[in-house]
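Inside the fold
Chain by chain, the residues:
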Amino acid sequence: MRTLAVQFIDLSVPMEQNPGELAPYGFEQTGHQEGADRFARQFDGSRKDFPGEEFLNMEMITASTHTGTHFDAPLHFGSRSEGEPAASIDEVPLEWCFGDGVVLDFTHIQAGEAIEKRDIEQALERIGYQLKPLDIVLIRTGADRHWGTPRYLTDYPGMSREATAFLTGQGIRLMGIDSYGFDRPFKHMISDYKRTGDNAYLFPAHFWGREQTYCHMERLANLEQIPVPYGFKVACFPIKIRQAGASWVRAVAIIG
């Protein structure tokens, strides 16, 4: 019997505290021997009651649902989407989370700039691909090379409202980006807002989700390792947290 080779590419960064994470992250680990001591107290025993004097280790995590690679549900963008109550992360259709992947390369766009509709169209032309409903579009900026450094918070381009609207208009319900945020960096959005007084500069791609329902992932990684721009699958099921606007996700590209 012939066996087909399948390659899995991890598209996620780890959950950890580093200079590229703004939100506090708490990680407390109970080791095997400490765990044995704690559990043994429940039956007046000791660690010697366990094989090798070790019990099961355990971790306690305190973190934002936007820590590390994560999946933003429509509820994150606003209370309503397309005039209806916005879906929380546990209500996102599972069929949106597994499908044909498409990588679009925007590594030529400078940090702080916006990825516009015409950029999306040109990227599709370069690879000779026509989007279809429920494709999972991966936006490659190359910003993941700064992961773990302060530059990760500032050195990346972001999606414009028009580019996001173009994708959702093609039936795309899930897209992702390999940078800290889906929109341009905070400092650029806030600077433009203060300069003009126009709040359309504030999180335009996120707020498009109020007009047309979609989800996006932030802080993807390793998109350059995907050997083809399309013709692969993406699996990215978020953790099921009731009534949350976002959740951690282990995104994986499946080749072959």
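For the structure, check the block above.
Quick caveat: nothing in here was measured; it's all calculated off a predicted structure.

Examining the overall build of the protein chain
For the protein chain, the count of helices and strands is six helices and 15 strands. In terms of principal-axis extent, the alpha carbons of the protein chain reach across some 70 × 60 × 40 Å. Counting only residues that meet the buried cut, the protein chain has 46% of its 256 residues in that class. Taking the contacts inside the protein chain whose residues are at least 6 apart along the sequence as the reference set, 75% of them involve residues at least 24 apart. A total accessible area of about 13400 Å² is found for the protein chain, and carbon and sulfur atoms account for 51% of it. Averaging the positions of the 25 positive and the 35 negative side-chain charges in the protein chain gives two centres separated by 2 Å.

Looking at the side chain of N18
Mapped onto the elements of the fold, N18 is located in the loop between β1 (7–10) and β2 (25–30). Of the polar contacts made by the side chain of N18, one reaches the side chain of E16; its length is 3.0 Å.

Focus on the nonpolar core
Counting residues in each nonpolar core, the largest one holds 25 residues, and the members touching the most others are L11, F71, L138, M217 and I226. Put simply, the parts of the chain that give this core at least two residues each are β9 (136–140), β12 (215–218), β13 (230–235) and β15 (252–255). Residues contacting M217, with those up to four places away along its chain left out, are H70, F71, I136, L138, L174, M175, G176, I177, F182, C236, V249 and A251. Residues F77, A163, I172 and F182 belong to the second largest nonpolar core, which totals 24 residues.

Concerning the packing of aromatic side chains
A full pass over the atoms with the stated rule returns 13 aromatic pairs. Both rings, one in F186 and one in F203, keep their centres 5.9 Å apart while their planes meet at 50 degrees; by these two values the pair is tilted. Of the two residues, F186 is situated in helix α5 (residues 186–196) and F203 in the loop between α5 and α6 (204–208); the sequence distance between them amounts to 17 residues. An aromatic cluster is defined as three or more aromatic residues linked by ring pairs; in this entry it consists of W147, Y152, Y180, F186, F203 and F207.

A short note on the sheet that holds strand β14 (residues 246–248)
Taken in spatial order, the nine strands line up as β1-β15-β13-β7-β9-β11-β12-β4-β14 in an open sheet, and their pairing is mixed. The open sheet has two free edges, formed respectively by β1 and β14, since each of these has just one partner strand. For this sheet, the mean inter-axis angle between neighbouring strands, taken without regard to orientation, is 30 degrees. When strand β7 (residues 98–105) meets β13, the two strands line up antiparallel, connected through five bridges.

Focus: the pattern of salt bridges
Tallied over the full model, the rule gives eleven salt bridges. Put simply, E21 and R219 hold a salt bridge, and the shortest N to O gap is 2.6 Å. Of the two residues, E21 is situated in the loop between β1 and β2 and R219 in the loop between β12 and β13; the sequence distance between them amounts to 198 residues. D192 is the salt-bridge partner of R195, the closest N and O atoms lying 3.0 Å from each other. With R195 and D192 both in helix α5 and three residues apart, this pair spans about one turn of that helix.

Rules used in this analysis
- Residues numbered from 1 in each chain as written.
- Predicted model: local features only at pLDDT ≥ 70, side-chain atom pairs only at ≥ 80, totals over all residues.
- Heavy atoms only, no water.
- Helix = DSSP H or I, 4+ residues; strand = E, 2+ residues; numbered from the N terminus.
- Buried < 20%, exposed > 50% of the residue type's maximum accessible area, 1.4 Å probe, protein only.
- Contact = heavy atoms within 4.5 Å.
- Areas by Shrake-Rupley, 256 points an atom, 1.4 Å probe, with all protein chains shown as cover.
- Lys, Arg positive; Asp, Glu negative; His and termini not counted.
- Charge placed at Lys NZ, Arg CZ, Asp CG, Glu CD.
- Polar contact = N/O pair within 3.5 Å; in protein donor to acceptor, adjacent residues only side chain to side chain.
- Core = buried A, V, L, I, M, F, W, Y, C linked by side-chain atoms within 4.5 Å.
- Phe/Tyr/Trp six-rings, centres within 6.5 Å; stacked < 30°, edge-to-face > 60°.
- Pairing = 2+ DSSP bridges.
- Axes fitted to C-alpha atoms, helices over the stretch in contact; angles between N-to-C directions.
- Salt bridge = Lys/Arg side-chain N within 4 Å of Asp/Glu carboxyl O.

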